[in-house]
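Results of the structural survey
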Amino acid sequence: MPSRLKWTFILSGLLAIIIIFGPGLLEFVAGIYTDWLWFEELGYLPVYQTRLVATVVTFLVGGLLAAAVLAVNWLLLPARLTESRILRPYRTRLGRTGSRTLRWIFVGIGLFIAFIMAQVFSSRWLDFLLFRHAVPFGLADPIFGQDVSFYIFRLPVYDLLAGWFLSLAILSLLGVLVAYGTAGALQDRGPIAHLSVLGALTLALIAAQYQLARFRLLISSRGAVFGAGYTDVHARIPIYDLLTVVLLVAALLFLLNLYIRRWRFLLLVGGAWLLLSVLSSIYPAALQRFVVAPNELSAERPYIQHAIRFTRIGFGLENVREQDFPAEGHLTPDVLEANQSTIQNIRLWDWRPLLTTYGQLQEIRLYYTFNDVDVDRYVLEDGLREVMLAVRELDVDQLAEQAQTWVNRHLVFTHGYGAVVSPVNEFTREGLPVLLARDIPPQSTDPALQITRPEIYFGEVTREYAIVNTTEPEFDYPRGDQNIYTRYEGPAGVPLGGFFRRALFALRLNSSQILFSSALRPDSRILFNRQISERVWTLAPIFWYDPDPYAVIADGRIVWMYDAYTWSNHFPYSEPFDGVNYIRNSVKVTIDAYTGRTTFYVVDPTDPIIRTYQAVFPTLFTPGEQMPGVLRAHWRYPEQLFRVQAAAYAAYHMDDPQVFYNKEDLWAAPTEVREQGEMEMAPYYVVMQLPDEDKVEFLLMRPYVPNGRRNMIAWLYADSDGEDYGQLGVYKFPKQELIYGPMQIEARFDQDPYISQQLTLWNQRGSQVIRGNLLVIPIDDTLLYVEPLYLQAEAGRFPELKRVLVAYGDSVAMAENLPTALAQVIGLAAPPPVTPPATSPTASDDVAALARSAQAHYLAAQECLRRNDWACYGRELEALGADLEALVAATSASE
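From a predicted model like this one, the values you see are computed outputs, not experimental measurements. Once a new chain begins, its residue numbering starts again from 1 and follows that chain's sequence as written. In view of the model being predicted, local features appear only for residues whose pLDDT reaches at least 70, and side-chain atom pairs are presented and counted only at 80 or more, with totals across whole chains, interfaces and linings using the full set of residues. Hydrogens are left out, water is left out, and the side-chain values use all remaining heavy atoms of the structure.

Structural notes on the overall build of the protein
Threshold: The helix count covers DSSP runs of H or I at least four residues long, the strand count covers runs of E at least two residues long, and both are numbered beginning at the N terminus. We call a residue buried when its accessible area falls under 20% of the maximum for its residue type, exposed when it is over 50%, and partly exposed in between, using a 1.4 Å probe and counting protein chains only. A contact between two residues is defined here by any heavy atoms of the two lying within 4.5 Å. All accessible-area figures derive from a Shrake-Rupley calculation using a 1.4 Å probe, and residue coverage is judged against the displayed protein chains alone.
Scanning the protein from N- to C-terminus turns up 26 helices and 32 strands. Considering the protein as a whole, with its 895 residues, one finds that 52% of them fall into the buried category. Excluding contacts between residues fewer than 6 apart, the proportion of contacts in the protein whose partners are at least 24 apart in sequence is 67%. On the protein, roughly 41,000 Å² of surface is accessible, and the fraction owed to carbon and sulfur atoms is 57%.

What follows is the structure, encoded as structure tokens:
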């Protein structure tokens, strides 16, 4: 080939490579550099450096190791192939150039395989770091005596290495076998030695996998429980050991084959391996059928005990407080008065209709939105109150079509504004929430809810990047027909600087305007990763994050609170729920909605997994003791964690192996009626006083029903306050008595003639009845069931809280408010029989006086009801009843 033509081909190839891979490479470099700047701006650059170094090192080690193994084994293959019977006739025609081409083909194949193997290695960078910094659990498995950390931190790496090296060995063996076979050199001493070494190595690696398979039995399920059962321990583990011995003997014979060629021994050992492989399926099945199955409980009893113990440990259920709840109490005015803190915090607002109502009342402009409504509690001037809170974010996608410009989306409309807060149990005469914090600018009725920094630059729906400190003023909030503008005063954002940085950000964000816009200045800063879920995941993808972050008003600022879980699915003998068999809420993350400052607080330093992460990323975490008290007061026990624990506890509250085996006391989550039909009842937050406790607390709870039945059997709670934070407890109902479950109460509501008639009428008059969450509220030693009803016109989405359903004992009631409904179910609303007064009034003189007296007692009773003074309410109703009796008697005498 002429030199000029050769260089033309080379340059054309290089140009094609640049065209194909250049843009992707530039985006890759831009992503790394801009991420570096972002981590540095947040103060977490060492975290990113650790991840980057670990990824690069594992990639290089994996790639070089794979390339070295393939090079050692494939180095002489091109020469062997040119000597093969297939290519020998063409050797003269191929010449030196053909041999060189064949060599480069092998090099290309080897580099491609090495690249793939390096990718596999680098994708597991975190596993290698955890392996190096593993912290022991101080808990050994009951079969092999290995610390649990072995299964969580070390076994995944051993599995990776065994499989990775086995793949390399097999690839090397196949390449060598093909080359030697085509060359007709399988009888030569050199090729035999080469194949023998590779065969020995392959068998040794398969033997290692058999040994690792023994440990995997403890994190798998084949028998009556999760983990190794009787058949695993007495059949599979011994067979794995025998297979290991056989393979190691075979590997040794392969090595001896270098000196003593006795293929018959290899065939003998191969036959033994094949026989044991067949037996590894037949023998355990036979043992299970003929030995275990006839006496399964007796055989599996110790392994059931292991499963119960380790599942409880895995889900943090080993210290659940178990108490009986006789449900023999009675609701009286005195009991209601003594539990006013619980009564006045019964949640009547369901977040779903309330979110719609908030949107109608408080979104103010089309581009504002409420993404979610969260439940929390605040100490207000009148005491501890449970409230609903929603943050008003800005959604640039809702801007008018003509306003959808790059300047508006990224420079002008940069932030949301303020929040809305309402108590869980109050509503106006029109059925609308009573707003404690509202409007733009924010107005609050209580100092604890005052917001002095209402701008929301970081939120749940804030997906677009924003650039601040530009020549364009930022829209702050609307005021009448005018808009108020502002400039960002916080520290957040990466400086755009000069052309180089702007070019890289333009490439990363696919936005040429960043490079060419005249509105940007050298001191302009870019805020990206502003959606809080994306933000925490980019910083620490090592956690499972709760799907429901919530906002807290703290010292006039809005701060997001995010619960992060450490988890594993390699905890021995622990049955998985939701894909995990170990979980802890070890970290709480706070994100300032204005500055974007993100802090990872370690709130459970006893968790070995978080201690391992702290060793890997020492600069990422902050001790939980350093969290400000105003934020600490708003910890909530996470709902997702509670759901997982509740699912596990439904079966693993049974500690007797026989009861567990027979599923005699299996529980399930109850269901309730929603507009979509019957749905699983969600856990709910309540402010209440636990039985035998002297103070109200913020709890998360949910009832249980027996599996396949409707009556209630127990209720589980998690404490969110003070030193008892995280304490789980369960109250069990007597099994010999019927305690109505949620669906049974729903049925009683539907079967009540008055309630059923009203619901039917409302649904036929152009309106839709929306049923809220049914809440089961324990009060002293009895139960109260409360369900709100909302009415929504079909023509518009504006739910209004119109009625409250209450059930207690055998009574159900529907009223315009909770106090009236409570009065009806405890019998105060019906006039009790009262002895007539000693002197009967005359018709002419006393009828009017009795009517005025009755009216006065009625108004006084309503005032008592408004104050939740149940004793006063009862006295006034008795007096009203006496006046009515006397009035009936007077009118009868007159007639």
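Text resumes after the structure shown.
Let's talk about the packing of helix H22 (residues 742–751) against helix H23 (residues 753–763)
In plain terms, the rule: Only the stretch in contact is used when fitting a helix axis, every axis being a line fitted to C-alpha atoms; angles between N-to-C directions are given from 0 to 180 degrees. Note on angle classes: values under 35 degrees are labelled roughly parallel, values over 145 roughly antiparallel, values of 65 to 115 roughly perpendicular, and the remainder oblique. Each residue receives one of three labels: charged for Asp, Glu, Lys and Arg, nonpolar for Ala, Val, Leu, Ile, Met, Phe, Trp, Tyr, Cys and Pro, and polar for the others, Gly being one of them.
Orientation of H22 relative to H23, taken along the N-to-C sense of each, is 75 degrees, at an axis distance of 5 Å. In terms of axis orientation, H22 runs roughly perpendicular to H23. Along the contact surface, H22 presents Phe 749, Asp 750 and Gln 751, while H23 presents Pro 753, Ile 755, Ser 756 and Leu 759. Of the residues that constitute the contact of H22 with H23, the class distribution is four nonpolar, two polar and one charged.

As for the pairing of strand E31 (residues 800–808)
As a reminder of what qualifies: For two strands to be treated as a pair, DSSP must find no fewer than two bridges joining them.
Of all nine residues that make up E31, seven are buried, and the element is covered over most of its length. As judged from the seven bridges shared by strand E30 (residues 782–793) and E31, these two strands associate in the antiparallel manner. Residue pairing in the sheet places Pro 788 in a bridge with Val 804 of E31. Relative to strand E32 (residues 811–815), E31 is paired through five bridges, and the arrangement is antiparallel.

Details of helix H17 (residues 532–539)
What counts here: An arc is given here, and it is the one of the directions from the helix axis to the C-beta atoms.
Inspection of H17 places Ile 532, Arg 535, Val 536, Thr 538 and Leu 539 among the buried residues, and these make up the whole buried set. For H17, the angular spread of the buried residues around the axis is 160 degrees, confining them to a single face.

Overview of the confidence of the model for the protein
Selection rule: The predictor rates its confidence in each residue with pLDDT, a number between 0 and 100.
Chain-level pLDDT for the protein is 89 on average; 88% of the residues reach the 70-or-more range. The low-confidence segment residues 830–845, where pLDDT is below 50, has twelve contacts with residues more than four positions distant or belonging to other chains.

Observations regarding the environment of Val 602
Relative to the helices and strands, Val 602 resides in strand E19 (residues 598–602). Note: C-alpha distance between Val 602 and Gly 624 (22 residues apart in sequence) is 4.9 Å. Look past the residues within four positions of Val 602 in its chain and what remains in contact with it is Ser 586, Ile 610, Gln 614, Phe 621, Thr 622, Pro 623 and Gly 624.

What about the sheet that holds strand E14 (residues 525–527)?
Spatially, the three strands line up as an open sheet ordered E10-E14-E13, and their pairing is antiparallel. The sheet is open, and its two borders are formed by strand E10 (466–468) and strand E13 (494–495), each paired with just one other strand. As paired strands, E13 and E14 are joined by two bridges and run antiparallel to one another. Looking at the pairing, Val 494 lines up with Ile 526 of E14.

Here we look at a nonpolar patch on the surface
Defined as follows: Patches draw on residues past 30% relative accessible area with no salt bridge. Two like charges within 9 Å are joined, as are two nonpolar side chains (Val, Leu, Ile, Met, Phe, Trp, Tyr) within 5 Å. Take a side-chain nitrogen of Lys or Arg and a carboxyl oxygen of Asp or Glu: if they are within 4 Å of each other, that pair is a salt bridge.
Together, Leu 274, Leu 275, Val 278, Leu 279, Ile 282 and Tyr 283 give the surface a local cluster of nonpolar side chains, amounting to about 560 Å² of exposed area. Looking at the secondary structure, you find Val 278 in helix H9 (residues 263–292). Look at Val 278 and you get partly exposed, because its relative accessible area is 41%.

Regarding the nonpolar core
Applied cut-off: As used here, the term nonpolar core means buried Ala, Val, Leu, Ile, Met, Phe, Trp, Tyr and Cys residues forming a set that is joined through side-chain atoms within 4.5 Å.
Counting residues in each nonpolar core, the largest one holds 228 residues, and the members touching the most others are Ile 514, Phe 543, Phe 600, Phe 621 and Leu 784. Filtering out sequence-adjacent residues up to four positions away, Leu 784 remains in contact with Leu 331, Ile 346, Leu 775, Val 776, Ile 777, Ile 779, Val 806, Ala 807, Tyr 808 and Leu 822. Within the second largest apolar cluster, 17 residues are counted, among which are Trp 74, Met 117, Phe 121 and Leu 168.

Considering the pattern of salt bridges
Using the criterion set out here, one finds 29 salt bridges in the structure. The closest approach of N and O atoms between Asp 232 and Arg 236, which form a salt bridge, is 2.7 Å. Here Asp 232 pairs with Arg 236, and both are found in helix H8 (residues 230–256), just four residues apart, close to one helical turn. Look at Arg 236 and you get buried, because its relative accessible area is 19%.

Details of unusual backbone geometry
Cis rather than trans, the peptide bond between Ile 440 and Pro 441 has omega equal to -10 degrees. Tracing the backbone shows Pro 441 in the loop between strand E7 (437–438) and strand E8 (443–444). With a phi angle near 55 degrees, Ala 327 is a residue other than glycine that sits in the positive phi range. For Ala 327, the position within the fold is in the loop between strand E1 (321–324) and helix H11 (333–338). A residue is classified by how much of its surface remains accessible, and Ala 327, at 22% relative accessible area, is partly exposed.

Quick look at the side chain of Gln 640
Put simply, the test is: Within 3.5 Å is the distance limit for a polar contact, defined as a pair of N or O atoms, with the added protein rule that one can donate a hydrogen and the other accept it, and that residues adjacent in sequence qualify only through two side-chain atoms.
Here Gln 640 is to be found in helix H20 (residues 639–652). For Gln 640, a relative accessible area of 16% puts it in the buried group. Of note is the side chain of Gln 640, whose polar atom sits 3.4 Å from the side chain of Asp 578.

Things to note about the packing of aromatic side chains
This is how it is decided: Pairing of aromatic side chains here covers Phe, Tyr and the six-membered ring of Trp, requires ring centres within 6.5 Å, and sorts the geometry by plane angle: under 30 degrees stacked, over 60 edge-to-face, intermediate tilted. The criterion is that NZ of a Lys, or CZ of an Arg, lies within 6 Å of the ring centre and within 35 degrees of the ring normal, and then a charge sits over that ring.
For the structure shown, the criterion picks out 57 aromatic pairs. Ring centres of Tyr 488 and Tyr 594 lie 4.9 Å apart, and the angle between their planes is 45 degrees; on these two criteria the pair is classed as tilted. Of the two residues, Tyr 488 sits in the loop between strand E12 (482–486) and E13 while Tyr 594 sits in the loop between strand E18 (582–592) and E19, which places them 106 residues apart along the sequence. A relative accessible area of 4% means that Tyr 488 is categorised as buried. Through pairs of rings, three or more aromatic residues link up here, namely Tyr 44, Trp 537, Phe 543, Tyr 545, Tyr 562, Phe 600, Tyr 613 and Phe 621. Over the aromatic face of Phe 131 sits the side chain of Arg 154, whose NZ or CZ is 4.8 Å from the ring centroid.

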